[in-house]
Amino acid sequence: MVHKITILTLFPEMFPGPLGHSLLGKALDKNLWTLDVVDIRKFAEDKHQTVDDTCFGGGPGMVLRPDVVDKAISSVMEKEKARLIHLTPRGRVFHQPLAREMADSSLPFVFLCGRYEGIDQRVLEAWQAEDVSLGDFVLTGGELAAMTILDAVLRLIPGVIGDETSLEDESFSRGLLEYPQYTRPREWQGRDVPDVLLSGHHKEIAAWRLKEAEAITRERRPDLWEKYSHQHN
Ligand code: SAM
């Protein structure tokens, strides 16, 4: 299954940006996912190519016009059925289960990136856009949010990461943060690697890792710990 991604943005030159590097860049070259970037400004109709206007009700800042954004969305959505994701701090907060759900979805995704004060509400309602937030903070535009979300989603596609077993234990996949990782040298600046990891006892290593993952989750993320302990008791 090829994951088809379209970005609607006022800054098309920002893409693929970081998504064109390393594992995701290789996956893009191999066509495991495809990227189309559409410049919203192309759909402005006046000679100044205006895409925004002042907000009704007063207040500072500019809002992206519904007629312009509608044409940009239509140009993509009328070709094929797709899931429209609108990046906004007002959306449901993105997390690993949503990344997994999006990676498993066979529908193409269209990411709509806002700028300035955001996008006129009517066009979002008309297209039943899914509002998704990267977190409880405000960015200047939706592009970095789209890139971050895509990074988390696309690395879950089979074939993108060499050894997919590395996805099994990582943070959030089992509702826990990950245990600490170590590599060579065995001793570094007087610090040793925990003995159990050198023992070759797979069961003991797994038990140690689980204990460490539980301890760090309990300490740093009481919200995750509460859910996890509820499910495991
Ligand atoms: N006036 C908006 C508000 O207070 O909710 C913030 C607009 S923000 C300056 C401009 C654009 O950046 C938004 O339309 C959205 O696309 C994007 N953006 C900002 N913060 C974001 C976040 N936490 N998650 C996703 N997108 C965000």
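Note that the structure is a prediction, hence the values are computed from the model and not measured. (Residues numbered from 1 in each chain as written. Predicted model: local features only at pLDDT ≥ 70, side-chain atom pairs only at ≥ 80, totals over all residues. Heavy atoms only, no water.)

## Focus: helix α6 (residues 202-220)
Helix length check: α6, at 19 residues, gives a terminal C-alpha distance of 27 Å against a target of 27 Å (1.5 Å per residue), a fit within 8%. Turning to α6, its buried residues are I205, W208, A213 and T217. The arc that holds every buried residue of α6, seen down its axis, measures 160°, which confines them to one face. Facing away from the buried side of α6 by more than 90 degrees, the exposed set consists of K203, K211 and E219. (Helix = DSSP H or I, 4+ residues; strand = E, 2+ residues; numbered from the N terminus. Expected span 1.5 Å × (residues − 1). Buried < 20%, exposed > 50% of the residue type's maximum accessible area, 1.4 Å probe, protein only. Arc of directions from axis to C-beta.)

## Let's talk about the pattern of salt bridges
Within the structure shown, the criterion is met by 13 salt bridges. Residues R83 and E101 are paired through a salt bridge, measuring 2.8 Å at the closest nitrogen-oxygen approach. Pair noted here: R83 is in strand β5 (residues 83-93) and E101 is in helix α3 (residues 96-104), with a separation of 18 residues, a long-range link. We note a salt bridge from R83 to E130, for which the minimum N-O separation is 2.7 Å. Highlighted residues: R83 in strand β5 and E130 in strand β7 (residues 130-133), separated in sequence by 47 residues. Here R83 falls in the buried class, since its relative accessible area comes to 13%. A network of salt bridges, in which partner residues are shared, links R83, R92, E101 and E130. (Salt bridge = Lys/Arg side-chain N within 4 Å of Asp/Glu carboxyl O.)

## Looking at the sheet that holds strand β2 (residues 33-39)
Pairing within the open sheet is parallel, and its 5 strands lie in the order β2-β1-β6-β5-β7. Pairing within the sheet leaves two strands with one partner each, and these edge strands are β2 and β7. For this sheet, the mean angle separating the axes of adjacent strands, direction not counted, is 35°. Here β5 runs beside strand β6 (residues 109-113); their pairing, made up of 5 bridges, is parallel. Residue L87 lies in a different strand from β6, and its bridge partner there is C113. Contacts from helix α5 (residues 143-154) reach β1 (3-9), β2, β5, β6 and β7, with the element oriented near 155° to β6. (Pairing = 2+ DSSP bridges. Axes fitted to C-alpha atoms, helices over the stretch in contact; angles between N-to-C directions. Contact = heavy atoms within 4.5 Å.)

## Quick notes on the site of the ligand
Lining the immediate environment of the ligand, one finds 20 residues, of which L87, G114, L134, F137 and L139 sit closest. Here a nitrogen atom of the ligand sits 3.4 Å away from a polar atom, N or O, in the main chain of T88. Calculation on the ligand without its partners gives an accessible area of 590 Å², and the protein chains cover 84% of this total. Looking at the shell around the ligand, the elements with two or more residues in it are β5 and β7. (Near = heavy atom within 4 Å. Polar contact = N/O pair within 3.5 Å; in protein donor to acceptor, adjacent residues only side chain to side chain. Areas by Shrake-Rupley, 256 points an atom, 1.4 Å probe, with all protein chains shown as cover.)

## What about the domain arrangement of the protein?
The domains assigned to the protein are domain 1 (3-154) and domain 2 (168-232). With centres defined by C-alpha atoms, the gap from domain 1 to domain 2 works out at 36 Å. (Domains from an automatic or database assignment.)

## Here we look at the packing of α6 against helix α7 (residues 222-231)
Remark: α6 packs on α7, axes separated minimally by 6 Å, with the N-to-C direction vectors making an angle of 125°. Relative to α7, the element α6 is oriented oblique. Of the residues in α7, those in contact with L210, E214, T217, R218, E219 and R220 of α6 are P222, L224, W225 and Y228. Residue composition of the contact of α6 with α7, by class: 5 nonpolar, 1 polar and 4 charged. (Parallel < 35°, antiparallel > 145°, perpendicular 65-115°, else oblique. Nonpolar A, V, L, I, M, F, W, Y, C, P; charged D, E, K, R; others polar.)

## Regarding the packing of aromatic side chains
Aromatic ring pairs are defined here through the distance separating the ring centres and the angle between the ring planes. Summed over all chains, the structure comprises 2 aromatic pairs. Between F109 and F111 the ring centres are 6.3 Å apart and the planes differ by 40°, which places this aromatic pair in the tilted class. Across the pair, exposure class does not vary: F109 and F111 are buried alike. The ring of W225 carries R218 above its face, with NZ or CZ at 5.1 Å from the centroid. (Phe/Tyr/Trp six-rings, centres within 6.5 Å; stacked < 30°, edge-to-face > 60°. Lys NZ or Arg CZ within 6 Å of the ring centre and 35° of its normal.)

## Let's talk about the side chain of D120
Structurally, D120 is set in the loop between β6 and α4 (121-126). With sequence-adjacent residues up to four places away left out, D120 is seen in contact with V63, L64 and P66.

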